[in-house]
Amino acid sequence: MKLEVEKTIDSQYIQQHLANERTFLAWIRTAITVIGIGFLVTNFHYYRSENLSGAEHQLISAIGMLSILFGISTILVGTRSYLKKVHTINTQQFKSAKMSLIALAIGMVFIFSLILVVSYFLF
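Residues numbered from 1 in each chain as written. Predicted model: local features only at pLDDT ≥ 70, side-chain atom pairs only at ≥ 80, totals over all residues. Heavy atoms only, no water.

S.K.: Quick rundown of the overall build of the protein chain? Include the residues and the values.
M.R.: When its secondary structure is counted, the protein chain shows four helices and zero strands. Counting from the amino terminus, helix and strand elements in the protein chain follow one another as α-α-α-α. For the protein chain, the residues scored as buried account for 28% of the 123 residues in total. Pairs at least 24 apart in sequence give 80% of the contacts found in the protein chain among residues at least 6 apart. A total accessible area of about 8,900 Å² is found for the protein chain, and carbon and sulfur atoms account for 67% of it. (Helix = DSSP H or I, 4+ residues; strand = E, 2+ residues; numbered from the N terminus. Buried < 20%, exposed > 50% of the residue type's maximum accessible area, 1.4 Å probe, protein only. Contact = heavy atoms within 4.5 Å. Areas by Shrake-Rupley, 256 points an atom, 1.4 Å probe, with all protein chains shown as cover.)

S.K.: Give a description of the UniProt feature "transmembrane region" (unreviewed entry) in the protein chain that names residues and reports values.
M.R.: Cross-referencing UniProt, the feature "transmembrane region" (unreviewed entry) maps to residues 24–47, 59–78 and 99–122 in the present numbering. Note that residues 24–47 is 100% helix and 0% strand, and that its end C-alpha atoms are spaced 35 Å apart. Here residues 59–78 is 100% helix and 0% strand, with 28 Å between the C-alpha atoms at its ends. (UniProt positions renumbered as here; feature names shortened; annotations may be inferred.)

S.K.: Mind laying out the nonpolar core, listing which residues take part and the relevant values?
M.R.: Judged by nonpolar contacts, Trp-27, Val-34, Val-41, Ile-60, Ile-63, Phe-70, Leu-104, Met-108, Ile-111, Ile-115 and Val-118 together constitute the single largest core of eleven residues. At the level of secondary structure, the elements contributing two or more residues to this core comprise helix H2 (14–47), helix H3 (54–90) and helix H4 (98–122). At five residues, the largest contribution of residues to this core is made by H4. (Core = buried A, V, L, I, M, F, W, Y, C linked by side-chain atoms within 4.5 Å.)

S.K.: How would you summarise the packing of H2 against H3 if you had to cite specific residues and measurements?
M.R.: Direction vectors running N to C along H2 and H3 enclose 175 degrees, while the axes themselves pass 8 Å from each other. Here H2 lies roughly antiparallel to H3, going by the angle between them. Per-class residue counts for the contact of H2 with H3 are 20 nonpolar, 16 polar and two charged. (Axes fitted to C-alpha atoms, helices over the stretch in contact; angles between N-to-C directions. Parallel < 35°, antiparallel > 145°, perpendicular 65-115°, else oblique. Nonpolar A, V, L, I, M, F, W, Y, C, P; charged D, E, K, R; others polar.)

S.K.: Would you mind going over the environment of Phe-39 in detail, with residue names and values included?
M.R.: Along the chain, Phe-39 falls in helix H2. Looking at Phe-39, the relative accessible area reads 47%, which means it is partly exposed.

S.K.: Give me the lowdown on unusual backbone geometry, citing residues and values where you can.
M.R.: For Gln-92, which is not a glycine, the phi torsion comes out positive at approximately 55 degrees. Along the polypeptide, Gln-92 turns up in the loop between H3 and H4.

S.K.: If you had to explain H2 to someone new, which residues and values would you point to?
M.R.: Between its first and last C-alpha atoms H2 spans 49 Å; for 34 residues at 1.5 Å apiece the expected length is 50 Å, and the two agree. All of the buried residues in H2 are His-17, Asn-20, Trp-27, Ala-31, Val-34, Ile-35, Gly-38, Val-41, Thr-42 and His-45. (Expected span 1.5 Å × (residues − 1).)

S.K.: Before we move on, can you summarise the packing of aromatic side chains with the specific residues and values?
M.R.: Going through the model one piece at a time under the given rule, you end up with one aromatic pair. Ring geometry for Phe-24 against Tyr-82: centres 5.2 Å apart, planes inclined by 40 degrees, an arrangement best described as tilted. In this pair, Phe-24 is assigned in helix H2 and Tyr-82 in helix H3, connecting sequence segments 58 residues apart. (Phe/Tyr/Trp six-rings, centres within 6.5 Å; stacked < 30°, edge-to-face > 60°.)

S.K.: Could you give me a rundown of the side chain of Ser-61, with the residues and numbers involved?
M.R.: In this structure, Ser-61 sits in helix H3. A relative accessible area of 18% means that Ser-61 is categorised as buried. For Ser-61, the residues in contact, after removing those within four places along its chain, are His-45 and Tyr-46.

What follows is the structure in structure tokens.
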């Protein structure tokens, strides 16, 4: 007795959907890394806090929190992009997400530049 498997619209474009899932997981890995860096900056700051002034303390705390918030927003943007691509793959109207990638790149450069500048001048 042979079982028939019902084909769904997703199964017609299985390779594209699998690639979309891998891309979503890359967004999540990136977000976890950025959030981890935010925690690292904040924890390192508290380890060295006896040598810092009030303004330096606030600046480093802000960089750590900004990094954590940026990581959370990366998760949200990645989820939105994933869900949008599922629809566009199935309707064969796929367009690349240029603005999401540009925003992510600019945000990463900004946060890592701040971390680099602060760590160079304060430590």
